[in-house]
Amino acid sequence: MVHTFSLNGFDIALDVYSGSVHVCDPVSLEAIRMYETQPLETVMGRLLADHPDNPEVTAQAVTELLDTLDELQAQGKLYTRDIYQNSALHLKKDPNLVKALCLHVAHACNLTCSYCFAGQGHYQGEAALMPLSTAKQALDFLVKHSGSRRHLEVDFFGGEPLLNWQTVKDTVAHGRELEKQTGKVFRFTLTTNGVLLDDEVTAFCNQEMHNVVLSLDGRPEVHDHYRKDHQGRGSYHTVVPKFQRFVKLRGDKEYYIRGTFTRRNLDFLEDIRHMADLGFDKLSMEPVVTAPDSPEALREEDLPVIFQQYEELAREMLAREKQGKGFQFYHYMLDLAHGPCVYKRLSGCGSGTEYLAVTPAGALYPCHQFVGDGEAYRLGSLKEGITNRELQEAFQHNTVYEHTACGDCWAKLYCAGGCAANACHAQGSIHGVYDYGCKLFKKRMECAIMLAAAKEEISSVKAGGESYGDQNF
Amino acid sequence: MKIKTLNTRDLAASLKNGGCGECQTSGVANQPCENKEQA
């Protein structure tokens, strides 16, 4: 399967099953589209007939072009087939192997963001804080079930995890002790709205947290529309100075400024620009996922505007990079040369098997997005272990091949079938798809691949190589 | 008429040199491979 697209002056062919990316010109792209299913003579005739005024399109040139396509096919870089069907369960063959936990240390929040999937932090239940004993038990559970996995991940999540800060610190200390005893390596991460961020929290996070997600929606009026405290006051002016200080002291360690855009700010590129202008350089801006009838929900008719924003964002990133003011946008970070292996691309996020969420009471769920969905998605508990074997098995087998809608999708080895929770909430099955999210994802992937091609082109031109001529960067 | 093939990880080859399971949980495609010797 080959996906071809043109964006920002680049003509690109992605060979889905090999992962190869070919940067072409319009005629070469046309040839790639035709040559998979049509004989050489037909392709030759069509190209010559379609480009009578192009002096480059001669019989000899087309012959050489088709020879190149033959070579690429022989090298396994074009028109490759799906040979992965029997490999999809490799990373899930032991459904009891766990390597990551999302610790819901607080089912409570000091903000009342109306779009929050967690129902303002308490997940459609009672407000609660996780006792330290439960958090320690969770880490012990993780080590016990991690098998040969060396790198283990623990994410402090909520609600707002800083409402249970002492437990966070003591849990990290317990993890460091376990590292000495077991040789495992814990990566601790934390997501916060920033309201309680102070110098002590900052210093601790910068020492102990592998990554920190800081929630900011962008421009003051956008952020404050949803992200209000319990007195109805916007939080922008409270959190931005704290985030700026945090990032300044963070050095080169990982962090993300993470925003949500809704129907109210379809011009979300302005919010990303605002984040960059505040001095943040690791950015993420996510489309809201909410009930279709809610006023902030994104609609089908919004897609052209959103697509245009994503494309403009890619151009903006190239322009800023040239000025020495570049920033990262999470969904455009695509390491083509050292990206994930095919096993990872087939099996996805690992929810329900190698990744579990733990509630303050110690119940286990497939992931944080299922915690508010009640008993039907409860897998078990830290005390009892996994008791809902039927549900565990459903997640174990939830590979890209279980999503029948993904069969002929070019992006399936970039998303592994998408988010199980979004699919479940949209279609009632973890094996379904969240179609709207798919459309956004595919546009982001095209932009990310184009950016990779553009960066390669910039390097090539700097080194004295040829340009393809029409690109905008 | 030109075709330039970018340097990408060979997914078919990763059947043999991938699958260690040490990568971070996840966008799947955004995750770098932890095993730099293999990727």
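Residues numbered from 1 in each chain as written. Chains lettered and ligands numbered in written order. Predicted model: local features only at pLDDT ≥ 70, side-chain atom pairs only at ≥ 80, totals over all residues. Heavy atoms only, no water.

Caption draft 1: Structural detail: the overall build of chain B. Helix and strand content of chain B: 1 helix and 1 strand. With 39 residues in all, chain B has 41% of them scored as buried. Of the roughly 1800 Å² of accessible surface on chain B, a fraction of 43% belongs to carbon and sulfur atoms. (Helix = DSSP H or I, 4+ residues; strand = E, 2+ residues; numbered from the N terminus. Buried < 20%, exposed > 50% of the residue type's maximum accessible area, 1.4 Å probe, protein only. Areas by Shrake-Rupley, 256 points an atom, 1.4 Å probe, with all protein chains shown as cover.)

Caption draft 2: Here's a closer look at the sheet that holds strand β16 (residues 385-386) of chain A. Residue and element names in this part refer to chain A. Ordered by their spatial adjacency, 11 strands build an open sheet running β12-β11-β10-β9-β8-β7-β4-β13-β14-β15-β16, and the pairing between neighbours is mixed. Each of the sheet's edge strands pairs with one partner strand only, and the pair in question is β12 (328-329) and β16. Relative to strand β10 (residues 254-261), strand β9 (residues 209-215) runs parallel, the two being bridged by 5 bridges. Looking across to β10, one finds that Val-213 is bridged to Tyr-256. Across the sheet, helix α5 (residues 165-182) is in contact with β4 (100-104), β7 (151-157), β8 (185-192) and β9; its angle to β8 comes to roughly 165°. (Pairing = 2+ DSSP bridges. Contact = heavy atoms within 4.5 Å. Axes fitted to C-alpha atoms, helices over the stretch in contact; angles between N-to-C directions.)

Caption draft 3: Region of interest: the packing of helix α1 (residues 26-35) of chain A against helix α2 (residues 40-50) of chain A. Residue and element names in this part refer to chain A. Relative to each other, α1 and α2 sit at 150°, their axes nearing to 10 Å. Comparing the axis directions of α1 and α2 gives the class roughly antiparallel. Relative to α2, α1 is oriented so that their crossing is right-handed. In this structure, α1 uses Val-27, Glu-30, Ala-31, Met-34 and Tyr-35 to contact α2, whose residues at the interface are Leu-40, Val-43, Arg-46, Leu-47 and Asp-50. A per-class count over the contact of α1 with α2 returns 7 nonpolar, no polar and 3 charged. (Parallel < 35°, antiparallel > 145°, perpendicular 65-115°, else oblique. Left-handed = near helix turned anticlockwise from the far one by under 90°. Nonpolar A, V, L, I, M, F, W, Y, C, P; charged D, E, K, R; others polar.)

Caption draft 4: Summary view of the side chain of Asn110(A). Residues and elements named next belong to chain A. Examined against the element boundaries, Asn-110 turns out to sit in the loop between β5 (106-107) and β6 (128-129). In this structure Asn-110 comes out as buried when scored by relative accessible area, which is 15%. Dropping the residues within four chain positions of it, Asn-110 is found in contact with Glu-160, Leu-163, Asn-193, Val-195, Leu-196, Asp-229 and His-230.

Caption draft 5: Representation of the pairing of β8(A) within the structure. Residues and elements named next belong to chain A. For β8, the tally of buried residues reaches 7 of 8 residues, placing the bulk of the element in the interior. Relative to β8, β7 is paired through 6 bridges, and the arrangement is parallel. Within the sheet, the bridge partner assigned to Phe-156 lies in β8 and is Leu-190. After leaving β7, the chain enters α5 and then returns to the sheet as β8, a path that is right-handed. When β8 meets β9, the two strands line up parallel, connected through 5 bridges. Looking at β9, one finds that Thr-192 is bridged to Leu-214. (Right-handed = clockwise from strand over helix to strand, strands pointing away.)

Caption draft 6: Broad picture of a nonpolar patch on the surface. A surface patch of nonpolar side chains, amounting to about 220 Å² of accessible area, comprises Leu129(A), Leu163(A) and Leu196(A). A residue is classified by how much of its surface remains accessible, and Leu163(A), at 32% relative accessible area, is partly exposed. (Patch = residues over 30% accessible without salt bridge, like charges linked within 9 Å, V, L, I, M, F, W, Y side chains within 5 Å. Salt bridge = Lys/Arg side-chain N within 4 Å of Asp/Glu carboxyl O.)

Caption draft 7: Representation of unusual backbone geometry within the structure. All names here are of chain A. The residue after Gly-158, namely Gly-159, is reached through a cis peptide bond having omega 10°. Its location among the elements puts Gly-159 in the loop between β7 and α5. For Asn-8, which is not glycine, the phi dihedral falls at a positive 55°. Structurally, Asn-8 can be placed in the loop between β1 (2-7) and β2 (10-15). Since its relative accessible area comes to 7%, Asn-8 is described here as buried.

Caption draft 8: How the structure looks around the packing of α1(A) against helix α3 (residues 59-74) of chain A. Residues and elements named next belong to chain A. Orientation of α1 relative to α3, taken along the N-to-C sense of each, is 55°, at an axis distance of 11 Å. For the element pair α1 / α3, the angle class is oblique. Remark: the crossing between α1 and α3 carries right-handed chirality. Across from Val-27, Ser-28, Ala-31, Ile-32 and Tyr-35 in α1, the residues of α3 making contact are Leu-65, Leu-66, Leu-69 and Asp-70.

Caption draft 9: Geometry of the packing of aromatic side chains. All names here are of chain A. Evaluated as defined, the whole model comprises 12 aromatic pairs over all chains. A connected cluster of aromatic rings, assembled from ring pairs, spans Phe-117, Tyr-123 and Phe-157. Of note, Arg-345 hangs over the ring of Tyr-414, and the distance from its end group to the ring centre comes to 5.3 Å. Sitting over the ring of Phe-307, Lys-443 keeps its end group 5.5 Å from the ring centre. (Phe/Tyr/Trp six-rings, centres within 6.5 Å; stacked < 30°, edge-to-face > 60°. Lys NZ or Arg CZ within 6 Å of the ring centre and 35° of its normal.)

Caption draft 10: Spotlight on the nonpolar core. Residues and elements named next belong to chain A. If you look at the biggest cluster of nonpolar residues, it comprises 129 residues, and the most contacted ones within it are Leu-103, Phe-156, Met-209 and Tyr-332. Here this core takes 13 residues from helix α15 (residues 435-462), the largest share from any one element. One finds Met-44, Val-57, Leu-65 and Leu-69 within the second-largest nonpolar core, a separate group that totals 19 residues. (Core = buried A, V, L, I, M, F, W, Y, C linked by side-chain atoms within 4.5 Å.)

Caption draft 11: Representation of the sheet that holds strand β3 (residues 21-24) of chain A in the model. Ordered in space as β1(A)-β2(A)-β3(A)-β1(B), the 4 strands form an open sheet in which the pairing is antiparallel. With partners counted over all chains shown, the strands left at the sheet margins are β1 of chain A together with β1 (3-5) of chain B, one partner each. Each strand of the sheet is rotated relative to its neighbour by a mean of 25°, with strand direction disregarded. Strand direction decides the pairing type here: β3(A) and β1(B), joined by 3 bridges, are antiparallel. Among the inter-strand pairings, Cys24(A) is bridged to a residue of β1(B), identified as Ile3(B).

Caption draft 12: Quick look at the pattern of salt bridges. Per the stated rule, a full pass over the model turns up 26 salt bridges over all chains. Of the charged contacts in the structure, one is a salt bridge between Arg299(A) and Glu301(A), with a shortest N-O distance of 3.8 Å. Relative accessible area serves as the criterion here: at 38%, Arg299(A) is assigned to the partly exposed category. Judged by its relative accessible area of 52%, Glu301(A) is exposed. Among the salt bridges present, the one from Lys4(B) reaches Glu456(A), with a minimum N-O distance of 4.0 Å. With Lys4(B) in strand β1 and Glu456(A) in helix α15, this residue pair bridges two chains. Here the salt bridges share partners, and the residues they tie into one network are Glu270(A), Arg273(A), Asp277(A), Glu316(A) and Arg320(A).

Caption draft 13: Structural context of the interface of chain B and chain A. At the junction of the two partners, chain B supplies 32 residues and chain A supplies 67 residues. The interface formed by chain B and chain A contains 1 salt bridge. Between the two partners, chain B and chain A, sit 18 residue pairs in polar contact (both at pLDDT 80 or more). At the level of secondary structure, the elements contributing two or more residues to the side of chain B that touches chain A comprise β1 and α1 (14-17) of chain B. At 3 residues, the largest contribution of residues to the side of chain B that touches chain A is made by β1(B). Taken together, the residues of the side of chain B that touches chain A break down into 13 nonpolar, 12 polar and 7 charged. (Polar contact = N/O pair within 3.5 Å; in protein donor to acceptor, adjacent residues only side chain to side chain.)

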